[in-house]
Protein chains: 2
Amino acid sequence: MFEIPLAELVLEKLDRNDKTPLQRQLYQIIHDFINSGKLPPDRKLPSSRFLSKEAGISRITVSLVYERLVTEGYLYSREGSGTYVSKVVTPLKQADSVPAMKPWVYSERGARLLLNESSPPQPMGAFIPGIPDVSAFPFHIWRKILAKYYSKKYIHLSGYAESGGYMPLRKAIASYLAVSRSLQCDPDQIIVTFGTLQSLDLCTRLLSDAGQEAYIEDPTYWATASVLEAAGLKVHGMPLDQEGMVLEDEMISANAKFLYVTPSHQYPTGTVMSMQRREKMLALARKHQLWVIEDDYDCEFRNDEQHLPTLQSMDQDHQVIYFRTFSKSMFSGLRLSYMVVPPALAPAMRRAISNLYLPGMLQLQAALAEFIDEGHFYRHIKQMRTVYQERGELFRHELKRVFGRKIKISEGNSGLHLMATFDSLLSFEQFSLCASRHGLIVRQPYYRKATQNGLCMVLGYGGVPTGEIVQGVARLQQVFIEGERGLFFSG
Amino acid sequence: MFEIPLAELVLEKLDRNDKTPLQRQLYQIIHDFINSGKLPPDRKLPSSRFLSKEAGISRITVSLVYERLVTEGYLYSREGSGTYVSKVVTPLKQADSVPAMKPWVYSERGARLLLNESSPPQPMGAFIPGIPDVSAFPFHIWRKILAKYYSKKYIHLSGYAESGGYMPLRKAIASYLAVSRSLQCDPDQIIVTFGTLQSLDLCTRLLSDAGQEAYIEDPTYWATASVLEAAGLKVHGMPLDQEGMVLEDEMISANAKFLYVTPSHQYPTGTVMSMQRREKMLALARKHQLWVIEDDYDCEFRNDEQHLPTLQSMDQDHQVIYFRTFSKSMFSGLRLSYMVVPPALAPAMRRAISNLYLPGMLQLQAALAEFIDEGHFYRHIKQMRTVYQERGELFRHELKRVFGRKIKISEGNSGLHLMATFDSLLSFEQFSLCASRHGLIVRQPYYRKATQNGLCMVLGYGGVPTGEIVQGVARLQQVFIEGERGLFFSG
């Protein structure tokens, strides 16, 4: 049977003047080819990369259409080999007549959201960044405190939360911030949220409109851009120098609304924003009427002596919103975070969180308040700070020992991760595939404008037991050896 | 001293051609009047209602500006008396120079969000709707199960969730739906969320763009419109008849995207959507390529024999997204809900929830799975169904006995609330104020187009102990007596 080159047929059928989205058109084309027998059973489809290139459609569109046809039973995929037409097409639900076209196709913002970088495919292991070690977490204490609040005596905790969060928790946080971070605030300024992404989501909804603009560091945490863009904001990734984010007066658009920074420990490069740069950021924000979001995501685990003041403490103009999370200091899945907002913003923020999310989980909030007030939180952090410091030093030492001049490592020894650039011809995709065969998960720093030389990775060591670090580095080396050998033979 | 009528001055100063938002202008005007002494200490400001009317500014704008000036120390308010200029103006943070104008003012969508109806001011009590009775909840079992999962043995539950939720919970839900609701689905179709508002938020982000349109029932749950509008959708409240939502082919805009219905027990009227209307809704959705969101929010507590099939079960076209929550069947603050989505939509929905929220709380999900699998969930629901039925019957009986022909009550005896219309000259605000003095919280049904005659309320009885219902109705009566007497004397 004559084989039809799918890409050509698709190109011929696609109508770019048609208002029907390309995704729906592509789905309908392949669907019809299968139904009409033009694409016979077991025919292999071109790779999504190939079809994307040939037909001039984005790769995510092709992948989503393939994925949908697989789910619907029209196609099947074979691990590592490709995607094929099913032998017998059995749609999941049988319609009486020909199935009507479903109101499929994601929205524009939906497609953008799907296209963005995502969280790692598995929740822990070497060397996923951002994962704390929970093996030393005092679960026996936590469990006991938490269980106490699930009882008839605390029945008032089973309803929705007063918006802004459980007051004893907000008081505990305010005291903790004053002592540990020299950050003065009233518990009323604290808004408890269910993750930093929710904090950011609330800010975008209350303080910005679609079409406005935000300045973030480049690279930064992948999800920051996701959430900002999902809210319709235009995101500018600004480069970093030794002092932190580079942003000049004349670069700032009249439509700008947010400045999102991680001054105490830039993610993922580790740069500490200088005092002068902090003052500059605040001055720019004042001049251009921007909200400054200061994400102090892992400041518990900084080791250096010199803690510069937070932007929140320096803020004279009620323009800084301070973000913090318990994900790194307790455990990731806890999903409790908070914001410190300017006093005048607090009532509206409380109303917004209530209107959008109807928060609850008061037992969890009560338990965390007690855990902090009784000193368990501080003890745990103190212990983990030592653990992470040891791991960081060992990891850096091993990486340098094994890779020598072939590696450049980010400065400092704070936090739960480092950034490493390897002198290698391997692409990140090649390396990553090979690494996963060795049970290693590696992540790229999320650069918006790719400018780095070499193979750059964010490697988390916080969640890797100290005893496994040496072995982990050896496995990394093995991946390079195998990967480069493969490159040599195929190239 | 000559008293300046503030409203006139404001009208004179406001520049409607200026791009500066009215809120910021109004703030600046009052702020300057106070600083310049034009508004002297202890001067009473006009009520927000009066100023709003006189100056032609929305009331929420005036209230937010007053609120901000109170927070900043420029104004103070005296309970029940009004708002006054402070004796000594002490801004919360002292700037070195004149404080710069902060990047204040909510965004357009933020202001809309703040303007919307909100959750009740307190989380439980007579007669707040939507609150289940938790006094019979088996906390001793829940606590024991939950505590088990916070331990070293289950350390893998302390990370982020696989997107879509913990698989054993999704399996437990799928089995439960099959048995209790004749709803067939694969666990892969289930997406665990942290509240129905999050389910809705995900749908709007993935499947719609700003400017598209949604059809909801009028009245309906207040937060539905909040979340849809916060996502930039235009919301149409459609009237109800005996068979459910009234929607005709020719009413549907080309830009329509969602149809949001509560067919099994319309909120808050209690209407059950007829079989014919269900078929019509599905046909309209098919024709206009709409997503149908079926919110089956309290179907556990329906008492009538005849359970019509869900739209999800009738759906031949992969166009129905089914919403359900554990807030009513467990306790409100649990914040675990889920969606059943068409198979082809599941992978994208899992990716979207991960990119926007990074879900977690796996211990909670694991505990809920075990709670369902071990039969505790079903036993609790069965017990509560009888309790709520008794309360509903008693409440209806008492209301009719006390108010006789002066009350009309919604049909049926399902769920946790009823809708009552009183023949009274009192406005809802007058009644509500008087009710709160008697410790009663009443809520209005959220009508988008006010068309009801009489004084209409949604009264929740689910969370009111059976023994307190008779007394509660007596207090309601007392509120009417006092309220109408007040009306008589003042009018």
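Scoring rules and cut-offs
- Residues numbered from 1 in each chain as written.
- Chains lettered and ligands numbered in written order.
- Predicted model: local features only at pLDDT ≥ 70, side-chain atom pairs only at ≥ 80, totals over all residues.
- Heavy atoms only, no water.
- Helix = DSSP H or I, 4+ residues; strand = E, 2+ residues; numbered from the N terminus.
- Rg over C-alpha atoms; globule rule 2.2 N^0.38 Å.
- Buried < 20%, exposed > 50% of the residue type's maximum accessible area, 1.4 Å probe, protein only.
- Contact = heavy atoms within 4.5 Å.
- Areas by Shrake-Rupley, 256 points an atom, 1.4 Å probe, with all protein chains shown as cover.
- Lys, Arg positive; Asp, Glu negative; His and termini not counted.
- Charge placed at Lys NZ, Arg CZ, Asp CG, Glu CD.
- Least-squares fit on C-alpha atoms with pLDDT ≥ 70 in both.
- Domains from an automatic or database assignment.
- Core = buried A, V, L, I, M, F, W, Y, C linked by side-chain atoms within 4.5 Å.
- Pairing = 2+ DSSP bridges.
- Axes fitted to C-alpha atoms, helices over the stretch in contact; angles between N-to-C directions.
- Buried area = accessible area lost by both parts, 1.4 Å probe.
- Salt bridge = Lys/Arg side-chain N within 4 Å of Asp/Glu carboxyl O.
- Polar contact = N/O pair within 3.5 Å; in protein donor to acceptor, adjacent residues only side chain to side chain.
- Nonpolar A, V, L, I, M, F, W, Y, C, P; charged D, E, K, R; others polar.
- Expected span 1.5 Å × (residues − 1).
- Left-handed = near helix turned anticlockwise from the far one by under 90°.
- pLDDT = per-residue confidence, 0-100.
- Parallel < 35°, antiparallel > 145°, perpendicular 65-115°, else oblique.

1. Here's the deal with the overall build of chain A
Thought 1: When helices and strands are counted, chain A shows 16 helices and 14 strands.
Thought 2: For 491 residues, the compact-globule estimate of 2.2 N^0.38 gives 23 Å, and the C-alpha radius of gyration of chain A, at 26 Å, lies within 12% of that figure.
Thought 3: Considered along the principal axes of its C-alpha atoms, chain A spans approximately 75 × 55 × 55 Å.
Thought 4: Looking at chain A as a whole, 61% of its 491 residues are labelled buried.
Thought 5: Excluding contacts between residues fewer than 6 apart, the proportion of contacts in chain A whose partners are at least 24 apart in sequence is 74%.
Thought 6: When the accessible surface of chain A is totalled, it reaches about 19,700 Å², and 51% of it is carbon and sulfur.
Thought 7: Counting 55 positive and 51 negative side-chain charges, chain A places the centres of these two groups 4 Å from one another.

2. Looking at the relation of the copies chain A and chain B
Both copies of the chain are related through a single rotation about an axis accompanied by a shift along the same axis.
Thought 1: When chain A is fitted onto chain B, the two copies agree to an RMSD of 0.1 Å after a turn of 180° and an axial shift of 0.1 Å. These values place the two chain copies in the arrangement generated by a two-fold rotation axis. Among all C-alpha atoms of chain A, that of Ala147 of chain A lies closest to the rotation axis, at 3.1 Å.
Thought 2: The residues that chain A uses at the interface reappear at the interface of chain B in 100% of cases, marking a shared surface.

3. Regarding the domain arrangement of chain A
Thought 1: Entries for chain A in the domain assignment read domain 1 (6-105), domain 2 (139-375) and domain 3 (379-490).
Thought 2: One C-alpha centre belongs to domain 1 of chain A, the other to domain 2 of chain A, and the line joining them spans 43 Å.

4. Topic: the nonpolar core
General note: in soluble globular proteins, nonpolar side chains tend to be found buried as a group.
Thought 1: In terms of nonpolar packing, the biggest core is built from 95 residues, with Trp142, Phe326 and Met330 of chain A together with Trp142, Phe326 and Met330 of chain B touching the most fellow members.
Thought 2: Setting aside its immediate chain neighbours within four residues, Met330 of chain A contacts Pro132, Val134, Phe137, Trp142, Leu368, Phe371, Phe377 and His380 of chain A.
Thought 3: By size, the runner-up hydrophobic cluster in this structure holds 87 residues, among which are Ile216, Leu345 and Leu358 of chain A together with Leu202 of chain B.

5. Description of the pairing of strand E1 (residues 75-78) of chain B
All names here are of chain B.
Thought 1: Alignment of E1 against strand E2 (residues 82-85), held across 4 bridges, turns out to be antiparallel. Bridging from a neighbouring strand, Leu75 pairs with Val85 of E2.
Thought 2: Between the end of E1 and the start of E2, which pair antiparallel, lie 3 residues, with Gly80 showing a positive phi angle near 70°.

6. Comments concerning the sheet that holds strand E8 (residues 256-261) of chain A
Residues and elements named next belong to chain A.
Thought 1: Within the open sheet, the 7 strands sit side by side as E3-E11-E10-E9-E8-E4-E5. Their pairing is mixed. Every other strand in the sheet has two partners, leaving strand E3 (190-193) and strand E5 (234-238) as the edge strands with one partner each. Averaged over all pairs of adjacent strands, the angle between their axes in this sheet comes to 20°, without regard to strand direction.
Thought 2: In this structure, E8 lies alongside strand E9 (residues 291-295), joined through 4 bridges in parallel fashion.

7. Re the interface of chain A and chain B
Thought 1: Between chain A and chain B, the residue contacts involve 97 residues of the former and 97 residues of the latter.
Thought 2: When the two sides are added together, the surface that chain A and chain B hide from each other amounts to roughly 8,700 Å², 59% of it contributed by carbon and sulfur.
Thought 3: Scanning the region where chain A abuts chain B turns up 2 salt bridges.
Thought 4: Note that Arg205 of chain A and Asp201 of chain B form a salt bridge whose closest N and O atoms lie 2.6 Å from each other.
Thought 5: On inspection of chain A and its partner chain B, the count reaches 36 residue pairs in polar contact (both at pLDDT 80 or more).
Thought 6: Sorting the residues of the side of chain A that touches chain B by element identifies helix H4 (59-71), helix H5 (108-115), helix H6 (139-149), helix H8 (196-207), helix H9 (222-230), helix H12 (346-357) and helix H13 (362-373) of chain A as the ones contributing at least two each.
Thought 7: Here the side of chain A that touches chain B takes 8 residues from H12 of chain A, the largest share from any one element.
Thought 8: Taken together, the residues that form the side of chain A that touches chain B break down as 49 nonpolar, 27 polar and 21 charged.

8. Notes on helix H14 (residues 376-403) of chain A
Thought 1: Compared with an ideal rise of 1.5 Å per residue, which puts 28 residues at 40 Å, H14 of chain A spans 40 Å between its outermost C-alpha atoms and is within 8% of the ideal.
Thought 2: Backbone geometry just downstream of H14 of chain A places Gly404 of chain A in the positive-phi region, at approximately 50°.

9. Some points on the packing of helix H7 (residues 167-181) of chain A against H13 of chain A
All names here are of chain A.
Thought 1: For the pair H7 and H13, interaxial distance at closest approach is 8 Å and the crossing angle is 35°. Handedness of the H7/H13 crossing: left-handed. Note on element contacts: H13 touches H7 through Gln365, Leu368, Ala369, Ile372 and Asp373, opposite Pro168, Leu169, Ala172 and Tyr176.
Thought 2: Split by residue class, the contact of H7 with H13 holds 7 nonpolar, 1 polar and 1 charged.

10. A word on the confidence of the model for chain A
All names here are of chain A.
Thought 1: When pLDDT is averaged across chain A, the result is 88; 92% of the residues are at 70 or more.
Thought 2: Across residues 90-101, confidence stays below pLDDT 50; counting only partners more than four residues off in sequence or on other chains, it has 20 contacts.
Thought 3: With pTM at 0.82, the complex prediction returns an ipTM value of 0.81.

11. Comments concerning the sheet that holds strand E12 (residues 407-409) of chain B
Residue and element names in this part refer to chain B.
Thought 1: Across the sheet, which stays open at both edges, the 3 strands sit in the order E12-E13-E14 with antiparallel pairing between neighbours. The sheet is open, and its two edges are formed by E12 and strand E14 (455-460), each paired on a single side. Looking at each pair of strands side by side, their axes are set apart by 25° on average, direction ignored.
Thought 2: In the sheet, strand E13 (residues 417-422) pairs with E14 via 6 bridges, with the strands oriented antiparallel. Pairing of His417 across the sheet is with Gly460, part of E14.
Thought 3: Packing of helix H14 (residues 376-403) onto the sheet brings it into contact with E12, E13 and E14, and relative to E12 it is tilted by some 160°.

12. Observations concerning unusual backbone geometry
The bulk of non-glycine residues show a negative phi, and the bulk of peptide bonds are trans.
Thought 1: Of note, the bond from Ala126 of chain A into Phe127 of chain A is cis; its omega dihedral lies within 30 degrees of zero at 0°.
Thought 2: For Phe127 of chain A, the position within the fold is in the loop between H5 and H6.
Thought 3: In this structure, Met361 of chain A takes a positive phi of about 55° despite not being glycine.
Thought 4: Even without being glycine, Arg335 of chain B reaches a positive phi, approximately 55°.
Thought 5: Relative to the elements of secondary structure, Arg335 of chain B occurs in the loop between strand E10 (320-325) and strand E11 (337-340).

13. Notes on the environment of Ala348 of chain A
Thought 1: Among the secondary structure elements, Ala348 of chain A is positioned in helix H12.
Thought 2: With near-sequence residues (within four places) excluded, Ala348 of chain A lies in contact with Leu206 of chain A together with Tyr106 and Leu114 of chain B.

14. Here we look at the environment of Leu114 of chain B
Thought 1: Residue position: Leu114 of chain B is located in helix H5 (residues 108-115).
Thought 2: On a C-alpha basis, the gap between Leu114 of chain B and Ser226 of chain B in space is 9.1 Å, while along the polypeptide they are 112 residues apart.
Thought 3: When near neighbours in sequence (up to four residues on either side) are disregarded, Leu114 of chain B contacts Leu206, Ala348, Arg351 and Ala352 of chain A together with Ile60, Leu64 and Tyr106 of chain B.

15. Quick notes on the environment of Arg351 of chain A
Thought 1: Turning to its location among the elements, Arg351 of chain A is positioned in helix H12.
Thought 2: Arg351 of chain A sits in the partly exposed class, given a relative accessible area of 32%.
Thought 3: Between the C-alpha atom of Arg351 of chain A and that of Glu162 of chain A, which follows or precedes it by 189 residues, the distance is 9.9 Å.
Thought 4: Beyond its immediate stretch of four places on either side in the chain, Arg351 of chain A contacts Leu114, Leu115, Asn116 and Ser118 of chain B.

16. A look at H12 of chain A
Residue and element names in this part refer to chain A.
Thought 1: Along its 12 residues, H12 runs 16 Å from first to last C-alpha, staying within 8% of the 16 Å computed at 1.5 Å per residue.
Thought 2: Here H12 lies mainly inside the structure; 10 of its 12 residues are buried.
Thought 3: Taken together, the buried positions of H12 are Ala346, Pro347, Ala348, Met349, Ala352, Ile353, Ser354, Asn355, Leu356 and Tyr357.
Thought 4: Looking one or two residues beyond H12, the residue adopting positive phi is Leu358, at roughly 45°.

17. Side note on the packing of helix H6 (residues 139-149) of chain B against helix H13 (residues 362-373) of chain B
Residue and element names in this part refer to chain B.
Thought 1: Contact geometry for H6 and H13: axes closest at 9 Å, N-to-C directions at 130°. As far as their axial angle goes, H13 and H6 are oblique. Crossing angle aside, the handedness with which H6 passes H13 is right-handed. Contacts from Ile141, Trp142, Ile145, Leu146, Lys148 and Tyr149 in H6 reach Gln363, Leu364, Ala366, Ala367, Leu368, Glu370 and Phe371 in H13.
Thought 2: Its residues assigned to classes, the contact of H6 with H13 shows 10 nonpolar, 1 polar and 2 charged.

18. Thoughts on the side chain of Asp295 of chain A
Residues and elements named next belong to chain A.
Thought 1: Positionally, Asp295 belongs in strand E9.
Thought 2: The side chain of Asp295 is buried and forms no salt bridge, while Arg324, the nearest opposite charge, is found at 7.8 Å.
Thought 3: Side chain to side chain, Asp295 and Tyr260 meet in a polar contact 2.7 Å long.

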